[in-house]
Amino acid sequence: MTEDCLFCKIIEGKIPSEKVYEDAAVFAFLDVFPASEGHTLVAPKKHFSRFTDMDTESVASLFEAARKITAAVEKAFSAEGSNIGINDGKVAGQEIPHVHVHVIPRRKGDGGRGIKSVVWTEPDTANLKEVAEKIRRAL
């Protein structure tokens, strides 16, 4: 835990929240500025600022909890689908530097859009082989 982290304080119970799920590795609670009713944040109890800092076991625990919570949220709100995502880094819209997965229930006609509405720069696709090779080299 990090002393000055808002989500660490929520997980420790120092700041109240509407908890919906907790296990040994994960804590999930309602977003206080929800995109839709039932918008839930799923966070690892261990503090990680960035998704890429997480170890394999923590990622597995986080996403298994997100899967369970997504099913429950969709059932509870008769949602037809969900947006599930992470804002990783300030430039990507991460407001609290503690990894968390957003589970946002969706319904037909709700006015929302898909994940590509976050950013759509329309890069050139003539160089897909080079782009793929660049990523493979980085791995």
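Residues numbered from 1 in each chain as written. Predicted model: local features only at pLDDT ≥ 70, side-chain atom pairs only at ≥ 80, totals over all residues. Heavy atoms only, no water.

If you check an unreviewed UniProt entry, the protein chain appears there as Purine nucleoside phosphoramidase from Methanosarcina barkeri str. Wiesmoor.

Caption draft 1: Examining the sheet that holds strand E3 (residues 40–44) more closely. The strand order across the open sheet built from 5 strands is E1-E2-E3-E5-E4, with neighbouring strands paired in antiparallel fashion. With partners counted over all chains shown, the strands left at the sheet margins are strand E1 (19–22) and strand E4 (81–85), one partner each. The mean angle between the axes of side-by-side strands here comes to 20°, regardless of whether they run parallel or antiparallel. As paired strands, E3 and strand E5 (residues 101–106) are joined by 3 bridges and run antiparallel to one another. Its bridge partner being in E5, Leu-41 is matched across the sheet by His-102. Here helix H2 (residues 56–76) sits on the sheet in contact with E1, strand E2 (26–30), E3, E4 and E5, set at roughly 160° to E3. (Pairing = 2+ DSSP bridges. Helix = DSSP H or I, 4+ residues; strand = E, 2+ residues; numbered from the N terminus. Axes fitted to C-alpha atoms, helices over the stretch in contact; angles between N-to-C directions. Contact = heavy atoms within 4.5 Å.)

Caption draft 2: A look at the pattern of salt bridges. The full count for this structure, using the stated rule, is 8 salt bridges. For Glu-64, the salt bridge goes to Arg-67, with nearest N and O atoms at 2.7 Å. Taken together, the residues span about one helical turn, with Glu-64 and Arg-67 both in helix H2 at a distance of 3 residues. Glu-133 is the salt-bridge partner of Arg-136, the closest N and O atoms lying 3.2 Å from each other. One end of the pair is Arg-136 and the other is Glu-133, both in helix H3 (residues 128–138) and 3 residues apart, which spans about a single turn. Residue classification places Glu-133 among the partly exposed positions, given a relative accessible area of 33%. (Salt bridge = Lys/Arg side-chain N within 4 Å of Asp/Glu carboxyl O. Buried < 20%, exposed > 50% of the residue type's maximum accessible area, 1.4 Å probe, protein only.)

Caption draft 3: Spotlight on the packing of aromatic side chains. Under the defined criterion, the tally for this structure stands at 3 aromatic pairs. Judged by centre distance (5.9 Å) and plane angle (45°), the ring pair of Phe-27 and Phe-29 falls under tilted. In terms of burial, Phe-27 and Phe-29 fall into one category: buried. (Phe/Tyr/Trp six-rings, centres within 6.5 Å; stacked < 30°, edge-to-face > 60°.)

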